[in-house]
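Listed below, chain by chain, are the residues.
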Amino acid sequence: MAKVESKEKGIPPKAISETEKPKKSQKKTTDSEKPFLKTISGIGPTTRQRLEEAGYGSKESIALATKAQLTEISGIAEKTAALLIREARARFDLGLKKGSEYEASAKTRVKLTTGSQAFDSLLGGGFETGSITELAGENGCGKTQIAHQLAINCVKFLDQDVVWIDTEGTFRFNRIVQIAEAAGMDPDTVLSRITVGRAYNSEHQMALTEEALTMVPNVGLIIVDSLMAHFRSEFAGRGTLAERQQLIGKHLSFISKQAEILNCVGIVTNQVSAKPDAMFFGDPNKPVGGNVVGHTVTSRLMIRKGKAIKRTATLTKSPELPDGKIEFAITGEGVQDYSK
Ligand code: GTP
Ligand code: MG
């Protein structure tokens, strides 16, 4: 498997544990200085390597894993998995909180601007860190264009790096240059802070995502463009639907968990399928991926193409914002407000 490495030179690679929010209970200070797996007696170098390669190198990832997930890794016995999870949970604040403490965690959430005031206002200021937002819409509506704009805005406004999992080969160097220049950014600086993983199948997509979100330091934005393309083509028959949905659920849960731990913006793009019988009764387009996707993403935005540069964005799911619809534009310079 190809190693995904940050191209950012100035920042030393960090484990996720170093990017976490300040903890109330860092009980064992000496242990916290060492990589978690090295502090567990009975875990040899081979097991450690296997765990790290599967994305379970940190105490956070192990604390939030299930025994079944760890035992799937060859050579990990159930007893070892149980021990690891127990130890990781003892050293990681799993997150029992009073309602009042949520105010503090809400304050750590940051909004990533879209570049359009109307679009930002629909989202209460922009795309929020700590959760996944789905961008759904038909071909050419602008999902990948929005992703390019967000990548530049992440570097510009959050001063953080971007992980881009490209499943369709649509990440465009030229578009980054064009939009970055329009935003007054040095394109080379922006490009050096985007780590792109070109995924050739669904398994590769999941592995790249896990590796990138574990290895790349200082991630402010993770984009998976598109979430479903490989899964749809590889699991075509009805008989494979259950397996497909299970894998998508696993993939999305991982992204969601990491978006929360790293406090970064999660963006997945999704296609829509026409529902002929709904043509006369409401929305004819429905994001693919069924309930697993619908339930796992925190917010859902439907993007529609209008005439020329005009687009609309409709917020159809959000844990705290009302549904709504706005107009915006996609131009050579990226996402902008639409004016007639
Ligand atoms: P799929 O990936 O096929 O589902 O589509 P998508 O939603 O990702 O569409 P994408 O973001 O690739 O949008 C492509 C559209 O963006 C084009 O058809 C153009 O309308 C618009 N677009 C792309 N580049 C430019 C540009 O430089 N200038 C302008 N004005 N529009 C552009
Ligand atoms: Mg696209």
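Structure first, text after, so check above.
It should be emphasised that the depicted structure is a prediction, and the values quoted were computed from it without experimental measurement.

Engineer: Account for the overall build of the chain, with residues named and values stated.
Structural biologist: Assigned secondary structure in the chain consists of 15 helices and 13 strands. Taken across its 340 residues, the chain has 48% of its residues classed as buried. Within the chain, contacts between residues separated by at least 24 positions form 65% of all contacts whose residues are at least 6 apart in sequence. Split by element, the accessible area of the chain, about 16,500 Å² in all, is 52% carbon and sulfur.

Engineer: I'd love a proper account of the state of the cysteines, names of residues and values included.
Structural biologist: In the structure shown here, the tally under the stated rule is zero disulfides. As a non-bridged cysteine, Cys154 has Cys264 as the owner of its nearest cysteine sulfur, 8.4 Å distant. On the basis of relative accessible area, Cys154 is assigned to the buried category, the value being 0%.

Engineer: Can you lay out the site of ligand 1 for me, pointing to particular residues and giving the numbers?
Structural biologist: Around ligand 1 sit 15 residues, and of these Gly140, Lys143, Thr144, Gln145 and Arg311 come closest. Gln145 is positioned with one of its backbone polar atoms (N or O) 2.8 Å from an oxygen atom of ligand 1. Bound to the protein, ligand 1 loses 67% of the 670 Å² it would expose on its own. Of all the elements in the fold, those that place two or more residues in the shell around ligand 1 are helix 9 (143-158) and strand 12 (324-331). A breakdown of the residues in the shell around ligand 1 according to their chemical character gives two nonpolar, seven polar and six charged.

Engineer: Residue-level account of unusual backbone geometry, with values.
Structural biologist: When glycine is set aside, most residues are seen to have a negative phi, and most peptide bonds are trans. Cis peptide bonds are those with omega within 30 degrees of zero, and the linkage from Asp225 to Ser226 qualifies with 0°. Of note, the phi angle at Asn218 is positive, near 55°, even though the residue is not glycine. Examined against the element boundaries, Asn218 turns out to sit in the loop between helix 12 (202-215) and strand 6 (219-225). A relative accessible area of 19% places Asn218 in the buried class. The backbone phi angle of Ala308 is positive, close to 50°, even though this residue is not glycine.

Engineer: Account for the pattern of salt bridges, naming residues and giving values.
Structural biologist: Using the criterion set out here, one finds nine salt bridges in the structure. Of the charged contacts, one joins Glu128 and Lys111 as a salt bridge, the two residues approaching to 3.8 Å between their closest N and O atoms. In this pair, Glu128 is assigned in strand 2 (residues 127-128) and Lys111 in strand 1 (residues 111-112), connecting sequence segments 17 residues apart. With a relative accessible area of 22%, Glu128 lands in the partly exposed category. Classification of Lys111 by relative accessible area gives partly exposed; the value is 28%.

Engineer: Talk me through the side chain of Thr167; I want residue IDs and the actual numbers.
Structural biologist: Its place among the elements puts Thr167 in the loop between strand 4 (161-166) and helix 10 (173-182). Using a relative accessible area of 4% as the deciding quantity, one classes Thr167 as buried. Contacts of Thr167, omitting those with residues within four sequence positions, involve Arg198, Ala199, Gln205, Asp225, Ser226, Ala229 and His230.

Engineer: How would you summarise the pairing of strand 6 if you had to cite specific residues and measurements?
Structural biologist: Counted residue by residue, strand 6 has seven buried out of seven residues, so it is predominantly covered. Taken together, the six bridges between strand 4 and strand 6 define a ladder with parallel strand orientation. Bridge pairing in strand 6 places Asp166 opposite Asp225. Sheet topology places strand 6 next to strand 7 (residues 265-270); four bridges connect them, and they run parallel. Across the sheet, the residue bridging to Ile222 is Gly266, located in strand 7.

Engineer: Residue-level account of the sheet that holds strand 7, with values.
Structural biologist: Strand order in the open sheet formed by nine strands is 5-4-6-7-3-10-11-12-13, and the pairing between neighbours is mixed. At either end of the open sheet lies a strand with only one pairing partner, and these are strand 5 (194-198) and strand 13 (334-337). For this sheet, the mean angle separating the axes of adjacent strands, direction not counted, is 25°. Judged from the six bridges that link them, strand 10 (residues 299-305) and strand 11 (residues 310-317) form a sheet pairing that is antiparallel. In the strand pairing of strand 11, Met302 is matched with Thr314.

Engineer: Now, about the side chain of Lys257: what can you tell me, with residues and values included?
Structural biologist: Looking at the secondary structure, you find Lys257 in helix 14 (residues 241-262). Not counting the four nearest positions on each side in its chain, Lys257 is found in contact with Ser61 and Leu64.

Engineer: I'd like a rundown of the packing of helix 12 against helix 14, residues and numbers included.
Structural biologist: Interhelical geometry of helix 12 versus helix 14 gives an angle of 10° and a closest axis separation of 11 Å. Here helix 12 is positioned roughly parallel relative to helix 14, judged by the angle of their axes. Here helix 12 and helix 14 pass one another in a crossing that is left-handed. On helix 14, the residues that touch Gln205, Met206, Thr209, Glu210, Leu213 and Thr214 of helix 12 are Leu247, Lys250, His251, Phe254, Ile255, Gln258 and Leu262. When the residues that make up the contact of helix 12 with helix 14 are grouped by side-chain class, the tally is six nonpolar, five polar and two charged.

Criteria and cut-off values
- Residues numbered from 1 in each chain as written.
- Chains lettered and ligands numbered in written order.
- Predicted model: local features only at pLDDT ≥ 70, side-chain atom pairs only at ≥ 80, totals over all residues.
- Heavy atoms only, no water.
- Helix = DSSP H or I, 4+ residues; strand = E, 2+ residues; numbered from the N terminus.
- Buried < 20%, exposed > 50% of the residue type's maximum accessible area, 1.4 Å probe, protein only.
- Contact = heavy atoms within 4.5 Å.
- Areas by Shrake-Rupley, 256 points an atom, 1.4 Å probe, with all protein chains shown as cover.
- Disulfide = S-S within 2.5 Å.
- Near = heavy atom within 4 Å.
- Polar contact = N/O pair within 3.5 Å; in protein donor to acceptor, adjacent residues only side chain to side chain.
- Nonpolar A, V, L, I, M, F, W, Y, C, P; charged D, E, K, R; others polar.
- Salt bridge = Lys/Arg side-chain N within 4 Å of Asp/Glu carboxyl O.
- Pairing = 2+ DSSP bridges.
- Axes fitted to C-alpha atoms, helices over the stretch in contact; angles between N-to-C directions.
- Parallel < 35°, antiparallel > 145°, perpendicular 65-115°, else oblique.
- Left-handed = near helix turned anticlockwise from the far one by under 90°.

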